[in-house]
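The chain contents come next:
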Amino acid sequence: METHLAQALPSSDAGTGRRGLTYPPFEAPAWGEAVEVAPGVLWLRAPLPMTLDHVNIWALADGDGWMVIDAGLKTSVTLEGWERALAGPLGGRPVTRVLCTHMHPDHIGLAGWLCERFEAPLLMSRLEYVTGRMLLADAGPAPEAGAAFYRRAGWTEAQIQAWREGYGRFGKAVAPLPDGYRRVREGDRLTIGGEVWRIVVGDGHSPEHLCLWREADGVFISGDQILPRISSNVSVWPTEPEADPLDDWMRSLARLRALLPDDLLVLPSHGEPFTGVHARLEALTRGHQVALKRLLRTLSAPCRAVDVFPALFARPVDDGVLGMATGEALAHLNYLKNKGLAQGRTDDDGVVWWTATQQETGE
């Protein structure tokens, strides 16, 4: 299985709808420093060596120490910043617990290191923990089923060979996870520093993504489930080629829109804290709906997955984001197939050609 390090590929619509959002006047902290954004909630920001150049980390006052939400990528730069943060804004107080919203490397990369250093428990949902452990074990040669998956999508043999050579990068970006963890699930209430945080689970971007909601004052740690400026990657991967994560994602957006009040202070994993969650959820939903209509028009003639990128993405797709782009294209194609709006035909070379069974008109 392959996963992305961060959402580096904006969609042509879903990442641009920001009307109705308000950004409180916080200044993003340098790595190793922190900004208090709500009582007992510190904002830290770790760098990422990619187009999306940061991940937000949240430290919640927890008795004599701190509960840390996400941990950043396993790099020397991240480690150095953690040392500065622990001695500086965190005041030398211990990390009491580590909670990872989901299993992508920019979130769990140094979780195991923090847990080992402070003998702190790791909190995750079951699917995120198990998937992360599975990916860490993928150190062998690239599976031929994965090569066939990307060949069906229209990759060249050179692109498939590059994928083979880069296989197993997940483990290079993630410290070993603890052998055990504490399961967190939908509806759980965690008491952190005397305050109750409600767990809300999302789906589509990752299998069982955790968000935390302090209902008493409307603070919502959204992880990658709700981002203010880009749309989270929603992809199909070789381990589950028939998956329909876009349907999961759209259902999650609708559920969150019905569940959450609009006046929350949203603390995302990428971008800045904001208010206006309803407007953002509606923009994300609308963006995918428009992209699906445009995709259907593209499928008036047979297309491979790699041929539909212009209908979905606002930037050219180079080899650096080819895996994410292919995964997201297949997510949209599988969604249309399951709605009876598109179908795929495999040719003699093992390549799937997609066509619409029903056309959409207008935007």
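Along each chain, numbering runs from 1 in the same order as the chain's sequence is written. With the structure being a predicted model, the display of local features is reserved for residues of pLDDT at least 70 and the display and counting of side-chain atom pairs for 80 or more, all residues being used for whole-chain, interface and lining totals. Side-chain measures were taken over the full set of non-hydrogen atoms in the model, leaving aside hydrogen atoms and water.

> Where do I start with unusual backbone geometry in this structure?
One non-glycine residue, Asp-70, adopts positive backbone phi at about 70 degrees. As for its placement among the helices and strands, Asp-70 is situated in the loop between strand E4 (65-69) and helix H1 (76-87). Although it is not a glycine, Glu-119 adopts a positive phi angle of roughly 50 degrees. Within the secondary structure, Glu-119 sits in the loop between helix H3 (111-118) and strand E6 (122-124). Three labels apply to residues, based on accessible area from a 1.4 Å probe with only protein chains included: buried if under 20% of the type maximum, exposed if over 50%, partly exposed otherwise in between. Note on Glu-119: relative accessible area 76%, which makes it exposed. Helix numbering and strand numbering both begin at the N terminus, where a helix is a DSSP run of H or I of at least 4 residues and a strand a DSSP run of E of at least 2.

> How should the side chain of Asp-244 be read in this particular structure?
Looking at where Asp-244 falls in the secondary structure, it is placed in the loop between strand E11 (219-223) and helix H8 (245-259). Within the buried core, Asp-244 has no salt-bridge partner, and the shortest N-O distance to an opposite charge, that of Lys-339, equals 6.4 Å. Contacts are residue-level and defined by heavy atoms, with any inter-residue pair within 4.5 Å sufficient. With sequence-adjacent residues up to four places away left out, Asp-244 is seen in contact with Ala-331, Asn-334, Tyr-335 and Asn-338. In this tally, Lys and Arg are treated as positive and Asp and Glu as negative; His is ignored, and so are the chain termini. Only one rule defines a salt bridge in this text: a Lys or Arg side-chain nitrogen within 4 Å of an Asp or Glu carboxyl oxygen.

> Explain the sheet that holds strand E12 (residues 265-268) here, please?
By way of backbone hydrogen bonds, the strands of a sheet pair with one another, either parallel or antiparallel. Pairing between strands is defined by DSSP: at least two bridges between them are needed. A sheet is described by the order of its strands in space; here five strands give the open sequence E8-E9-E10-E11-E12, paired in mixed fashion. Bordering the open sheet on either side are strand E8 (189-192) and E12, each of which pairs with just one other strand. Averaged over all adjacent pairs, the angle separating strand axes in this sheet is 30 degrees, with direction ignored. In this structure, strand E10 (residues 209-214) lies alongside E11, joined through three bridges in antiparallel fashion. Bridging from a neighbouring strand, Arg-214 pairs with Val-219 of E11. Sitting on the sheet, H8 touches strand E9 (195-202) and E10, and the angle it makes with E9 is about 150 degrees. What counts as an axis is a line fitted to C-alpha atoms, over the stretch in contact for a helix, and the angles between N-to-C directions run from 0 to 180 degrees.

> When you look at the state of the cysteines in this model, what are you seeing that I'm missing?
Any covalent bond linking the sulfur atoms of two cysteines counts as a disulfide. Two cysteine sulfurs form what is called a disulfide whenever their separation falls within 2.5 Å. Applying the stated criterion to the full structure yields zero disulfides. Unpaired in this structure, Cys-211 has its nearest cysteine sulfur neighbour in Cys-100, at a distance of 14 Å. By relative accessible area, Cys-211 is classed as buried at 0%.

> Even after reading the chapter, I still don't get the pattern of salt bridges, so can you show me in this structure?
Note on pairing: side chains with opposite charge can pair once their charged atoms come close. One pass over the full model with this rule turns up 17 salt bridges. Across the salt bridge formed by Asp-307 and Arg-304, the nearest N and O atoms sit 2.9 Å from each other. What makes Asp-307 partly exposed here is its relative accessible area of 28%.

> I'm lost on the sheet that holds strand E2 (residues 41-47) in this one. Help?
Reading across from one edge, E1-E2-E3-E4-E5-E6-E7 is the order of the seven strands in this open sheet, with mixed pairing throughout. Both outer strands of the open sheet, strand E1 (35-38) and strand E7 (182-183), are each paired with one neighbouring strand and no more. One ladder, built from two bridges, connects strand E5 (residues 95-99) with E6; its direction is parallel. In the strand pairing of E6, Leu-99 is matched with Leu-123. Against the sheet, H3 engages E4, E5 and E6, with an angle of about 155 degrees to E5.

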